Amino acid sequence: MNELNFSGGPGVLPASVLAATQEAIIAVPEVGLSVLGISHRSDWFAAVVEEAERNIRRLLDLPDSHAILFLQGGATLQFSMIPMLLLRDTGKTAEYLRTGYWSAKSIPPARLEGEVRLLWDGESRGFRSLPKSEELFHAPDAAYFHYVSNETVEGIQFHEIPGLDSVRRVCDMSSDFLSRPIDTDRFDLIYAHAQKNLGPAGVTVVIIRRELLEPVPRGIPEILDYRAHLAAHSIYNTPPVFAIYVVLLVSRWLLNDIGGLDRMDAINRQKAETLYTIIDRYADIYEGRAAHEDRSRMNVVFRLPTAQLEAEFLRQASAEGFSGLKGHRSIGGIRASIYNAMTLDAVEALSRFMREFAGR
Ligand SMILES: *Cc1c(COP(=O)(O)O)cnc(C)c1O
C-alpha cells in the first residue's frame, strides 16, 4: 500500500499528486496530451518551470539574490559541479563536514579540484551525532564550507545551521528540502534532488546566490556550467519534463493543501515525535541510532537486539502492509523514512505496530 511506504528513497508522494500524475500520463488537462510526450520547447512547459520556481520561491521566501535551477545528474553530480565552480583554480581550501554516508561521498570529487580540509569527522563516534558550531574552526579564507543537513542513512539532522556566516555555506538538503522553513539568506548554494521529498528521480533543484556565478574557472564543459542553465531557464537540453511537472504538483500541494513550510514542519515534528516516543518507551527492544539532540525528523533509524528479531520485525511489518523499512545496506537495522508526504495516520499505524510487536 502506497500510504505505508516508509522507503528511504525514492520516497512517498501525496495521494492527490499521484492521482493528478496518473491523469497527466494519459493527458494533461489543459493541453490534451500526455506529459510524457509534450515538447520541452512548448509554452506550456516554460510555464511549468516558471510556476515551479515561483512556488519554491514563495515556500522558502527566497530573495532574488538567489537563482533556482532544475538540473539533472542527481545530488551526486553536485558533489562535482560545486568544487568545479567554487574550488578549481582558487588556490584556496574547501571545508567539509564528514557526518555520515552521504557527506563522505561528497568529499572525493572535491579533492579532484583542490585542497579539502575536514572540519569535523564523525566516524569515530559512529556517525551518531553532529557537531555544534562552537566545535567548528573555519579558516577565514576558506573557498566554501559544505555539509549535509540530514544524513539520510544514519538518521541524524542539523536542527541549527552550523558554521560561520562569513564563509560561503553550501548544503546538500536532498533528504529534508522543503520539510521546514530555512533562512535562505545564510546559504550561498543549496541543492536537493527530488526523489526523497519533492518528486520522482530525474531532477535536482539548485538554489545559488547569483554572485557566485562570476567568475567561473576555465575548462568547465558548458553543460556543467550553472550559467548555461540559468541563461536557458533550466531548458538547456531536454530536461526531465515529467519529473519537473511532478515537482510542480508537489509544490502546489505544499502551498495549497499543507499551507506552507511552517505547517509542514509542525506535522513533521509530530510524526517524528510519535515514533521516537515508542523507541524511548520500549528501549529494551528498540535502540535508536542517533544522539537525542540530533535525531532526524525525516529518517528514524533503530535496531532490535538481534538480527533474527529484526528479520521477524520486517516480516510481520510486511504482512501488515508496511514497506521500505529495511535499513540502508551500509548499516543494516531498521529505517522508517517519514518524508513530507508520509501522513500522520500512517506514522501512527507504524507506532501501533511497533508497540504491539514490543508486547509480543
Ligand atoms: C540520496 C542522497 C544522495 C544521492 O543522490 P542521487 O540523486 O542518487 O545522486 C545525496 N545526498 C543525500 C543527502 C541523499 O540522501
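This one's a predicted model, so the numbers in the text were calculated from it and none came from an experiment. (Residues numbered from 1 in each chain as written. Predicted model: local features only at pLDDT ≥ 70, side-chain atom pairs only at ≥ 80, totals over all residues. Heavy atoms only, no water.)

**Some details on the overall build of the protein**
As a reminder of what qualifies: Secondary structure elements follow DSSP: runs of H or I no shorter than four residues count as helices, runs of E no shorter than two count as strands, and numbering proceeds from the N terminus. Here the radius of gyration uses the C-alpha set of atoms, whereas the globule reference equals 2.2 Å times the residue count to the power 0.38. Burial here depends on accessible area, computed with a 1.4 Å probe over protein chains only, as a share of the maximum for the residue type. Under 20% is buried, over 50% is exposed, and the range in between is partly exposed. In this description, contact between two residues means that some pair of their heavy atoms is separated by no more than 4.5 Å. Computed by Shrake-Rupley with a 1.4 Å probe, the accessible areas treat only the displayed protein chains as cover when residues are assessed. The charged-residue count follows a simple rule in which Lys and Arg add positive charge and Asp and Glu add negative charge, with His and chain termini not counted at all. For this purpose, a charge sits on NZ of Lys, CZ of Arg, CG of Asp or CD of Glu.
Secondary structure assignment for the protein yields nine helices and twelve strands. For 360 residues, the compact-globule formula gives about 21 Å, and the C-alpha radius of gyration of the protein, at 21 Å, lands near that figure. Counting only C-alpha atoms and orienting by the principal axes, one finds that the protein spans roughly 60 × 55 × 30 Å. With 360 residues in all, the protein has 57% of them scored as buried. A sequence separation of at least 24 residues applies to 68% of the contacts in the protein between residues at least 6 apart. Of the accessible surface of the protein, which amounts to about 15300 Å², a share of 50% is contributed by carbon and sulfur atoms. Between the centroid of the 38 positive side chains of the protein and the centroid of its 46 negative side chains there is a distance of 3 Å.

**Overview of the packing of aromatic side chains**
Pairs of aromatic rings are described using the distance from one ring centre to the other and the angle between the two planes. Here is the rule we go by: Any two rings among Phe, Tyr and Trp, with Trp reduced to its six-membered ring, count as a pair given centres within 6.5 Å; such a pair is stacked if its planes are under 30 degrees apart, edge-to-face if over 60, and tilted if neither.
Considering all chains together, one arrives at 15 aromatic pairs under this definition. Aromatic pair Phe 6 and Phe 322: ring centres 6.1 Å apart, planes at 45°, arrangement tilted. Linking Phe 6 in the segment before α1 (15-26) with Phe 322 in the loop between α8 (307-319) and β12 (334-337), this pair joins segments that are 316 residues apart in sequence. Each of the two residues, Phe 6 as well as Phe 322, counts as buried. Relative to Phe 313, the ring of Tyr 286 has its centre 6.0 Å away and its plane inclined at 80°; by these criteria the two rings are edge-to-face. Of this pair, Tyr 286 sits in the loop between α7 (261-281) and β10 (287-288) while Phe 313 is found in helix α8, placing the two residues 27 residues apart along the sequence.

**Some remarks on the site of the ligand**
For clarity, the cut-off: When we say a residue is near a molecule or strand, we mean one of its heavy atoms is within 4 Å of it. Any N or O atom pair separated by 3.5 Å or less is treated as a polar contact, with the protein-specific requirement of one donor-capable and one acceptor-capable atom, and with residues adjacent in sequence counted only for side-chain atom pairs.
Near the ligand, the surroundings consist of 14 residues, among which Thr 76, Thr 152, Asp 172, His 193 and Lys 196 are the closest. Between an oxygen atom of the ligand and a side-chain N or O atom of Thr 76, the distance comes to 2.4 Å. Gln 195 is positioned such that a nitrogen or oxygen atom in its side chain is 3.0 Å from an oxygen atom of the ligand. Isolated, the ligand exposes 390 Å² of accessible area, and the fraction of that covered by the protein chains is 87%.

**A look at the packing of helix α6 (residues 241-258) against α7**
When two helices pack together, their arrangement is given by the angle between the helix axes and the distance between those axes. To be explicit about the condition: Fitted lines through C-alpha atoms give the axes, limited to the stretch in contact for helices. The angle between two N-to-C directions lies from 0 to 180 degrees. Orientation labels follow simple angle bins: below 35 degrees gives roughly parallel, above 145 gives roughly antiparallel, 65 to 115 gives roughly perpendicular, and whatever is left gives oblique. In this classification, Asp, Glu, Lys and Arg are treated as charged, Ala, Val, Leu, Ile, Met, Phe, Trp, Tyr, Cys and Pro as nonpolar, and every other residue, Gly included, as polar.
Here α6 crosses α7 at 85°, and the two axes come no closer than 9 Å. Considering their axes alone, α6 and α7 lie roughly perpendicular with respect to each other. Contact with α6, carried on its side by Trp 253, Leu 254 and Ile 258, involves Leu 261, Arg 263, Met 264 and Ile 267 of α7 and no other residues of that element. In terms of residue class, the contact of α6 with α7 is made up of six nonpolar, no polar and one charged.

**Here we look at the domain arrangement of the protein**
Put simply, the rule is: Either an automatic procedure or a domain database provided the assignment from which the domain bounds are taken. The buried area of a pairing is the accessible area, by a 1.4 Å probe, that goes missing from both parts when the two are put together, added over both.
Along its sequence, the protein is carved into domain 1 (2-10 + 260-359) and domain 2 (15-258). Taken over C-alpha atoms, the centre of domain 1 sits 26 Å from the centre of domain 2. Counting residues at the interface gives 33 residues for domain 1, matched by 32 residues for domain 2. Buried surface at the junction of domain 1 and domain 2, both sides included, amounts to about 2600 Å², of which 53% is carbon and sulfur.

**Re the nonpolar core**
Put simply, the rule reads: By convention a nonpolar core is built from buried Ala, Val, Leu, Ile, Met, Phe, Trp, Tyr and Cys residues, the set being connected through side-chain atoms within 4.5 Å.
If you look at the biggest cluster of nonpolar residues, it comprises 60 residues, and the most contacted ones within it are Trp 44, Leu 60, Phe 70, Phe 177, Tyr 245 and Leu 254. Per element, the largest residue contribution to this core is 13 residues, and it comes from α6. Among the domains, domain 1 (2-10 + 260-359) and domain 2 (15-258) are the pair contributing at least three residues each to this core. Non-local contacts of Leu 254, meaning those with residues more than four positions away in its chain, are made with Leu 59, Leu 178, Gly 259, Gly 260, Leu 261, Met 264 and Asn 340.

**Some thoughts on the environment of Leu 212**
Tracing the backbone through its elements, the reader meets Leu 212 in the loop between β9 (204-209) and α5 (226-231). In sequence terms Leu 212 and Asn 268 are 56 residues apart; their C-alpha atoms lie 33 Å from each other.

**Section: the pattern of salt bridges**
Applicable threshold: Salt bridges are identified by distance alone: a Lys or Arg side-chain nitrogen within 4 Å of an Asp or Glu carboxyl oxygen.
This structure, assessed with the given rule, holds 19 salt bridges. The salt bridge partner of Arg 227 is Glu 214, with a shortest N-O separation of 3.9 Å. Residue Arg 227 is found in helix α5, and its partner Glu 214 is found in the loop between β9 and α5; the two are separated by 13 residues along the sequence. With relative accessibility at 30%, the residue Arg 227 sits in the partly exposed group. Two residues, Asp 225 and Arg 227, come together in a salt bridge whose shortest N-O distance is 2.8 Å. One salt-bridge network, held together by shared partners, links Arg 98, Asp 121 and Glu 123.

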